[in-house]
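Coordinates in review
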2 protein chains.
Amino acid sequence: MTASLNPDMFDAACPTTAMPFQIGDKWTVMVVLCLEDGPRRFNELRVPLRRVTSKVLAETLRSMERDGLINRFAYDENPPRVEYELTPLGRTLLDLVDAARSWCSENMDDLVAARAAFTARDPA
Amino acid sequence: MTASLNPDMFDAACPTTAMPFQIGDKWTVMVVLCLEDGPRRFNELRVPLRRVTSKVLAETLRSMERDGLINRFAYDENPPRVEYELTPLGRTLLDLVDAARSWCSENMDDLVAARAAFTARDPA
DNA sequence: CGGGATCCAGTGGGATACTG
DNA sequence: CAGTATCCCACTGGATCCCG
């Protein structure tokens, strides 16, 4: 089966938070990456995404389901079990994530340098 | 020189407003597209971007300048003249815009259909 | 376990008016 | 012409608590 998610797969100090583009809502890309290797349960997602409250994660997942990016499977067991998996449409976002990563590795330094230079010229 | 901008190059009813990703702020991509063929003046941009207030356009341009995406040239004339042009870094965003357009032409129908189906199932 | 309910703060962006 | 100055509102996302 799919291995456990790395609890530290998302670094809070990652400079790509200044990346000039965004896919979905604030946490959408991280959800996509978490689901890349197969279905995951709600609380399984909450490990690497521990900086997200359950409310916001539930909202994110619901809007992704709404847009056909993920499927939601609720099993009528006790304790309850719910699994999320990427749809083919959701998997197409992985290409965009790759494009974003490529852009960052090629251009992020320039952007950060420009920002620093601008701030130096105009400390306002 | 560069031809005038088409006043209707941006359609308010374009379904790509539901596109699941965004580059820069709300108007950044449109500014990039306006500058694709060469430098433009402030009020020249305001023709196709007439749904943007001057305050917001000025903010957008300033943050793009801050990030090194555009250059700003202010000529000390009367009446004043200011021109904006894409930097090489700003031009790299055109590739992302193309990637976004490709994704939309290939997947936007699926997303819109999924959204409609979801709303039909769950009218809440 | 997988959420929902409620409340709240910050912010992005719009309306209007004014200016060097 | 190319912006600023004010004011304001809606919406995103976070905190906390509670539930089947």
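- In the annotation of an unreviewed UniProt entry, chain A is listed under the name Transcriptional regulator, HxlR family and assigned to Actinoplanes regularis.

1. Topic: helix 3 (residues 54–66) of chain B
Residue and element names in this part refer to chain B.
- In a regular helix each residue adds 1.5 Å, so 13 residues correspond to 18 Å; helix 3 covers 18 Å between its end C-alpha atoms and thus fits that length.
- Along helix 3, the residues classified as buried are Leu-57, Thr-60, Leu-61 and Met-64. Down the axis, helix 3 shows its buried residues gathered within 95° of arc, on one side only.
- At its buried positions, helix 3 is contacted by helix 1 (28–35), helix 2 (42–45), strand 3 (70–75) and strand 4 (81–86).
- Looking one or two residues beyond helix 3, the residue adopting positive phi is Gly-68, at roughly 75°.

2. Things to note about the relation of the copies chain B and chain A
- You can overlay chain B on chain A at an RMSD of 0.0 Å; the transform is a turn of 180° with a shift of 0.0 Å along its axis. Both chain copies can therefore be described as sitting about a two-fold axis. Taking the C-alpha atom as reference, chain B places Gln-22 of chain B closest to the rotation axis, 2.5 Å from it.
- Comparing interface residues between copies, 100% of those in chain B also sit at the interface in chain A, which points to an isologous, same-surface contact.

Each value, and the rule that gives it
Residues numbered from 1 in each chain as written. Chains lettered and ligands numbered in written order. Predicted model: local features only at pLDDT ≥ 70, side-chain atom pairs only at ≥ 80, totals over all residues. Heavy atoms only, no water. Helix = DSSP H or I, 4+ residues; strand = E, 2+ residues; numbered from the N terminus. Expected span 1.5 Å × (residues − 1). Buried < 20%, exposed > 50% of the residue type's maximum accessible area, 1.4 Å probe, protein only. Arc of directions from axis to C-beta. Contact = heavy atoms within 4.5 Å. Least-squares fit on C-alpha atoms with pLDDT ≥ 70 in both.

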